[in-house]
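For reference, the chains in residue letters:
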Amino acid sequence: MTYLIKFFKLLIITLLAIIAIFPLVKIQKKIEISSLFPNKQLLGENKQGVITLVPIKEKRIFEIDLSQNVINFYEDGEKKASFKIAYQSPADVWYQTPTGYFRIGIKKEKHKSSLIPVYFDYAVQFYEDYFIHSLPYYSNGRYLDSQFTGGCLRLEEDQAKKFYELAQPGDLVISYLSLDNLELNPDYRFPVVKNDYWLRQRFNNPLKTRNTYHGLNKIKLNYLQHAGIDLAPKAGAKDLGVYALKEGKIVAIVKNGDNDHGLGNTVIIEHQLANSSSTIYALYAHLSKIENFKLGDYVKKGEKIGEVGATGYGCNYWRINEDGCWQNTPLDLHLHLEIKTKPVLESPIEAQCFINGSYNRCYGYTPENPEKYGYLNPMKILIKEKR
């Protein structure tokens, strides 16, 4: 019996020693963290002429993932809620759901559409005429088809109510598309490391520049359409390089501030369209730096051209909040890529864009679908068509 007592004492002492050396591990619930933004998102910041990556500091953020049809809400970097999108507008139309950085605006329990005489409940504005809301209905109470939208995002009734109650004016909204599951066209090299980037602004994306016109047939005159795509790095992106889509010849190099029209450091390369005799021109803009090239140099497919930046108008101009050379907010670090039929900064087919209160030549935007003005949709060229 004495030996048994001694044995258990020794066993207890041994277990206590093991616990002291190997503390008990507290099992924690897995916390979902955004790979794009909250406290983890890396955005450009200029320090003594050097682009570094720093976390964005926003307490409340709604991420609209148009690829997955879901809206995720993050607070202090932690996922707090998720809302399934019942329907969004199709792409390649002027009223497609906008992509980019926005802020929650007005909220109305019952709101009338600016396009047609219908109403919807739990309406939350996220960009100008674009709202997140429930199913639209006529004044007599009859509901429209559930797939109706003029670019707004439609949620089921219970989801719309919860979203309405959660959203606060001023909350940051990021509407985007994921590149992760897209299959590349092997004839081209994607201009950045695809899975480390997200589509920050798509082709034909709407930009409102005035409030003059109203009604279904005229409201689009208030908008310009994005003539390229903007690709922004995810958190933890290691490679900020920009690479040639295909072999080609450098036909233009524009330095930041050298009459760049907001495009900053820009390179234009002449390429041969794959499986065609047509010539296209790829414009790579907002670069933080350009590799050591000169006009007439030939580049190989995948050769590094420069690095993504936020340059324009002679400075690091493009910002997450208000743009400007004297702003201290985080840089809107991205590549602006255009594919066009002429090696020019402006639209290949002359157009006038109403911006900053007057009509001027169009740079980066067009009055209607950019394909009408000599632009090609880069995603249709770079991404393999689904069959």
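Keep in mind that what you see is a predicted model, and the values were worked out from it rather than measured.

Kindly report on the overall build of the protein, identifying the contributing residues and their values.
The number of helices and strands found in the protein is 3 helices and 29 strands. Counting over 387 residues, the protein shows a buried share of 49%. As displayed, the protein has an accessible area near 19,500 Å², and 52% of this comes from carbon and sulfur atoms.

Talk me through the sheet that holds strand 7 (residues 107–112); I want residue IDs and the actual numbers.
Taking strand neighbours across the sheet as the criterion, the 4 strands line up as 7-8-9-10 in an open arrangement whose pairing is mixed. The sheet terminates laterally at strand 7 and strand 10 (153–154), the two strands that pair on one side only. Relative to strand 10, strand 9 (residues 130–133) is paired through 2 bridges, and the arrangement is parallel. For His133, the partnering residue across the bridge sits in strand 10 and is Arg154. Its contacts with the sheet put helix 2 (residues 157–166) on strand 7, strand 8 (119–127) and strand 9, and the angle it makes with strand 8 is roughly 45°.

Describe the environment of Tyr197, and please don't skip the residues or the numbers.
On the secondary structure map, Tyr197 appears in strand 12 (residues 197–201). Separated by 18 residues in the primary sequence, Tyr197 and Leu179 place their C-alpha atoms 7.0 Å from one another. For Tyr197, the residues in contact, after removing those within four places along its chain, are Leu179, Val192, Leu231, Ala232, Pro233, Lys234, Asp239, Leu240, Gly241 and Val308. A polar contact of 3.2 Å, which involves the side chain of Tyr197, links it to the backbone oxygen of Asp239.

Tell me what's going on with the state of the cysteines, and back it up with residues and numbers.
As enumerated under the stated definition, the model contains 2 disulfides in all. One disulfide in the model links Cys315 with Cys325; its S-S distance is 2.0 Å. The sign of the -80° torsion about the S-S bond sets the Cys315-Cys325 disulfide as left-handed. Here Cys325 lies in the loop between strand 24 (315–316) and strand 25 (335–340) and Cys315 lies in strand 24, a separation of 10 residues in the sequence. Taking relative accessible area as the criterion, Cys325 reaches 29% and is therefore assigned partly exposed. The disulfide partner of Cys353 is Cys362, and the S-S distance across this bridge is 2.0 Å. Taking the sign of the torsion about the S-S bond as the criterion, the disulfide between Cys353 and Cys362, at about 110°, is right-handed. Of the residues examined, Cys362 reaches a relative accessible area of 1% and is grouped as buried.

An account of unusual backbone geometry is requested, with residue identities and associated values reported.
We note that Asp76 has phi near 55°; this positive angle belongs to a residue other than glycine. Within the chain, His261 stands out as a residue other than glycine whose phi angle is a positive 55°. Along the chain, the position of His261 falls in the loop between strand 17 (248–254) and strand 18 (265–272).

Any details on the pattern of salt bridges? Residues and values, ideally.
For the structure on display, the rule yields 18 salt bridges. Its salt-bridge partner being Arg103, residue Glu58 comes within 2.8 Å of it at the nearest N-O pair. Of the two residues, Glu58 sits in the loop between strand 2 (50–55) and strand 3 (60–65) while Arg103 sits in strand 6 (residues 100–103), which places them 45 residues apart along the sequence. Classification of Glu58 as buried rests on a relative accessible area of 16%. Under the relative-accessibility criterion, Arg103 is labelled partly exposed at 30%. Among the ionic contacts, a cluster of salt bridges with common partners joins Glu128, Asp129 and Lys208.

Describe the sheet that holds strand 13 (residues 206–208), and please don't skip the residues or the numbers.
Strand order in the open sheet formed by 3 strands is 13-14-28, and the pairing between neighbours is antiparallel. Whereas interior strands pair on both sides, the edge strands pair on one side only; in this sheet they are strand 13 and strand 28 (365–366).

Pulling in residues and values, what's your account of the nonpolar core?
The biggest cluster of nonpolar side chains holds 70 residues, and the ones touching the most others in it are Phe62, Ile64, Ile71, Phe163, Leu231, Tyr284 and Leu335. Apart from residues no more than four positions distant in its own chain, Phe163 is found in contact with Phe62, Ile71, Phe83, Ile104, Val124, Ile132 and Leu155.

Could you give an account of helix 2, naming the residues involved and the relevant values?
Listed in full, the buried residues belonging to helix 2 are Gln159, Ala160, Phe163 and Tyr164. All buried residues of helix 2 fall inside an arc of 135° around its axis, so they share one side. On its buried face, helix 2 sits against strand 3, strand 4 (70–75), strand 5 (78–84), strand 7, strand 8 and strand 9.

Describe in detail the side chain of Thr366, supporting the description with residues and values.
Topologically, Thr366 is positioned in strand 28. From its side chain, Thr366 meets the backbone oxygen of Glu368 in a polar contact 2.6 Å long. Apart from residues no more than four positions distant in its own chain, Thr366 is found in contact with Leu224, Gln225, Ser347, Cys353, Tyr373 and Tyr375.

I'd like a rundown of the environment of Ser67, residues and numbers included.
Residue position: Ser67 is located in the loop between strand 3 and strand 4. When its relative accessible area of 31% is taken as the criterion, Ser67 is described as partly exposed. Along the primary structure Ser67 and Asn181 are separated by 114 residues, whereas in three dimensions their C-alpha atoms are 9.5 Å apart. Looking at Ser67, its side chain comes within polar contact range of the main-chain nitrogen of Ser178, at 2.8 Å.

Report on the confidence of the model for the protein, specifying residues and quantitative values.
When pLDDT is averaged along the protein, the result is 86; 84% of the residues meet or exceed 70. Across residues 3–9, where pLDDT falls below 50, the model places 0 contacts with residues more than four positions away in sequence or in other chains. For residues 11–31, every residue scores under 50 in pLDDT, and the model assigns this stretch 1 contact once sequence neighbours within four places are set aside.

Which residues make up the environment of Glu322, and what values do they have?
Summarising the element assignment, Glu322 is placed in the loop between strand 24 and strand 25. Residue contacts for Glu322: discarding those within four places in its chain leaves Gln327 and Thr329.

About the thresholds
Residues numbered from 1 in each chain as written. Predicted model: local features only at pLDDT ≥ 70, side-chain atom pairs only at ≥ 80, totals over all residues. Heavy atoms only, no water. Helix = DSSP H or I, 4+ residues; strand = E, 2+ residues; numbered from the N terminus. Buried < 20%, exposed > 50% of the residue type's maximum accessible area, 1.4 Å probe, protein only. Areas by Shrake-Rupley, 256 points an atom, 1.4 Å probe, with all protein chains shown as cover. Pairing = 2+ DSSP bridges. Contact = heavy atoms within 4.5 Å. Axes fitted to C-alpha atoms, helices over the stretch in contact; angles between N-to-C directions. Polar contact = N/O pair within 3.5 Å; in protein donor to acceptor, adjacent residues only side chain to side chain. Disulfide = S-S within 2.5 Å. Salt bridge = Lys/Arg side-chain N within 4 Å of Asp/Glu carboxyl O. Core = buried A, V, L, I, M, F, W, Y, C linked by side-chain atoms within 4.5 Å. Arc of directions from axis to C-beta. pLDDT = per-residue confidence, 0-100.

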